[in-house]
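# Structural overview for review
Here is how the chains run, residue by residue.
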Amino acid sequence: MSHANFMQEAFAEAFKGVAANRGGPFGAVIVLDGAIIGRGCNQVTSSNDPTAHAEVVAIREACKALGRFHLTNAVLYATCEPCPMCLSAVYWAQIKTVYYAADRHDAARIGFNDRLIYEELAKPPASRYVAMKRLPMPETRKLFDGWMEKTDKTLY
């Protein structure tokens, strides 16, 4: 299949999601070695989960299908440029390539504006709209040192 074919699959997910009132007009597929391993449409309103964006749903499905939390060498096709949360998920999943159709300005035009988040991320924590207050605890060192010393941990 071509890039356009995979993008059409992402659009099919988006159209199905909109028709079923699952959430906003967004779809995504994840491809590895020429096969779709994860699909997703936006499910924010139907699941009452603000993290259920199409890309995150597709990443979760792909990781479950492969039985691992990294999607190295996978490609994400999304109907829209990933928002800051989804872009972070792409980095955590170690996806190296993303193809998208609409951009953040197209999304803003229809009411999905992430500009505030992009602006907030550029600010130091103490200057953000959401109050970010550090509360140092003595358990922090014990917790983190325990993790560093743990011999049977799974690194990521």
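The buried fraction of strand S3 (residues 75–80) is high, at six of six residues. As paired strands, strand S1 (residues 27–32) and S3 are joined by four bridges and run antiparallel to one another. Residue pairing in the sheet places Val 31 in a bridge with Val 75 of S3. Looking at chain direction, S3 and strand S4 (residues 97–102) are connected through five bridges and run parallel. Residue pairing in the sheet places Tyr 77 in a bridge with Tyr 99 of S4.

Further remarks concern the sheet that holds S3. Ordered in space as S2-S1-S3-S4, the four strands form an open sheet in which the pairing is mixed. The open sheet has two free edges, formed respectively by strand S2 (35–41) and S4, since each of these has just one partner strand. Neighbouring strand axes in the sheet, compared pairwise and without regard to direction, differ in orientation by 15 degrees on average. Bridge analysis of S1 against S2 gives six bridges, and the strand direction is antiparallel. When the bridges of S2 are listed, Leu 32 appears paired with Ala 35.

Criteria and thresholds
- The residue numbering used here restarts from 1 in each chain and proceeds along that chain's sequence as written.
- Given that this is a predicted model, residues contribute local features only at a pLDDT of at least 70 and side-chain atom pairs are listed and counted only at 80 or more, while totals for whole chains, interfaces and linings are drawn from all residues.
- Excluded from the side-chain calculations are hydrogens and water; all other atoms, namely the structure's heavy atoms, are used.
- Whether a residue is buried, partly exposed or exposed follows from its accessible area with a 1.4 Å probe, protein chains only, as a fraction of its type maximum: under 20%, in between, or over 50%, in that order.
- The secondary structure listing takes helices from DSSP runs of H or I that are at least 4 residues long and strands from runs of E that are at least 2 residues long, numbered from the N terminus.
- Between any two strands, pairing holds if DSSP finds at least two bridges.
- Think of each axis as a best-fit line through the C-alpha atoms, taken over the contacting stretch in the case of a helix, with angles from 0 to 180 degrees between the N-to-C directions.

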